[in-house]
Amino acid sequence: LAICWSKLGGMSVAVLDIDPQGSLGEWLEARERTLGEDDVGLAFRTASGWGARREARALARDYDMVIIDTPPKAETEVKPALEAADLVVVPVQPTPMDLWATEPILSLAAAERTESVLVLNRVPARSRLTADMREALKEFPAETTRAFLGNRVAYAASVGAGMTAMETEPGGKASQEVQALAKELLQRLT
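Anyway, here's the lowdown on the structure attached to this text. Along each chain, numbering runs from 1 in the same order as the chain's sequence is written. In keeping with the predicted nature of the model, local features appear solely for residues at pLDDT of at least 70, side-chain atom pairs appear and are counted solely at 80 or more, and the whole-chain, interface and lining totals rest on all residues. Just so you know, side-chain values use all the structure's heavy atoms and leave hydrogens and water out.

Comments concerning the sheet that holds strand β1 (residues 13-17)
In a beta sheet, neighbouring strands pair by backbone hydrogen bonds and run either parallel or antiparallel. Pairing between strands requires that DSSP locate at least two bridges from one strand to the other. Starting at the N terminus, helices and strands are each numbered in turn, a helix being any DSSP run of H or I of at least four residues and a strand any DSSP run of E of at least two. With parallel pairing, the three strands of this open sheet are ordered in space as β2-β1-β3. With partners counted over all chains shown, the strands left at the sheet margins are β2 (43-46) and β3 (65-69), one partner each. Strand-to-strand twist in this sheet, taken as the mean axis angle between neighbours without regard to direction, amounts to 20°. Across four bridges, the pairing between β1 and β2 is parallel. Paired with Leu 16 across the bridge in β2 is Arg 45. In this description, contact between two residues means that some pair of their heavy atoms is separated by no more than 4.5 Å. What counts as an axis is a line fitted to C-alpha atoms, over the stretch in contact for a helix, and the angles between N-to-C directions run from 0 to 180 degrees. The strands touched by helix α2 (residues 23-35) within the sheet are β1, β2 and β3, with β1 carrying the most contacts at an inclination of about 135°.

Next up, the structure:
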């Protein structure tokens, strides 16, 4: 999403990694090795705890869009990010276990009065379970985006070089999916 908004949307974009796993930072370092430090296409910061809220607000003054990568369940880490957010985007794989894991983050976002939206992720082609899960998501206190991300090799294959599927396969289905999602989320924010 960050690269899509930056490259196709002409927006200035910053990403803030507050997930202790640090995979976003690893991806960015791979991107720097591939493209060079001056050509990554976005700003990057890390923070934790209350620093996440402070860093997000500081970045928001200088960038059109700030994306915060949070850990999936650490309430003390996620809460400050939710306080600074305009929209919480929750990726959900179409499985019952992911549905169960989604409820706590929606509750946290609701407590902060921050709008949430669900995005189906790693959606298998032609699966009855996906239709069932989409129906089950209607019971949640957040809408599900029309756009979704399929279970495509292009996403995983591009990550190792710090790239995106949009860059490695610009005409591919994965690129089309990300662009559709980016457009839909941007419409929600404006």
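What about the sheet that holds strand β4 (residues 87-92)?
If you trace the three strands from one edge of the open sheet to the other, you get β4-β5-β6, paired in parallel fashion. Each of the sheet's edge strands pairs with one partner strand only, and the pair in question is β4 and β6 (143-144). Both strand β5 (residues 115-120) and β6 contribute to a ladder of two bridges, which runs parallel. By the bridge assignment for β6, Val 117 is matched with Glu 143.

Section: the nonpolar core
One finds Trp 5, Val 13, Leu 42, Tyr 155, Leu 181 and Leu 185 to be the most contacted residues of the largest nonpolar core, which totals 27 residues. Looking at this core, the elements with two or more residues in it are α1 (2-8), β1, α2, β5, α7 (153-159), α8 (165-168) and α9 (173-189). Top element by residues in this core is α9. It accounts for five residues. Only buried residues count toward a nonpolar core, which is a set of Ala, Val, Leu, Ile, Met, Phe, Trp, Tyr and Cys residues joined through side-chain atoms within 4.5 Å. Residue burial is assigned from relative accessible area. The probe radius is 1.4 Å, only protein chains are included, and a residue is buried under 20% of its type maximum, exposed over 50%, and partly exposed in between. Val 78, Val 88, Val 90 and Leu 108 belong to the second-largest nonpolar core, a separate cluster that totals 17 residues.

It is worth stressing that arrangement in space is one thing and function is another; only the former is reported here.
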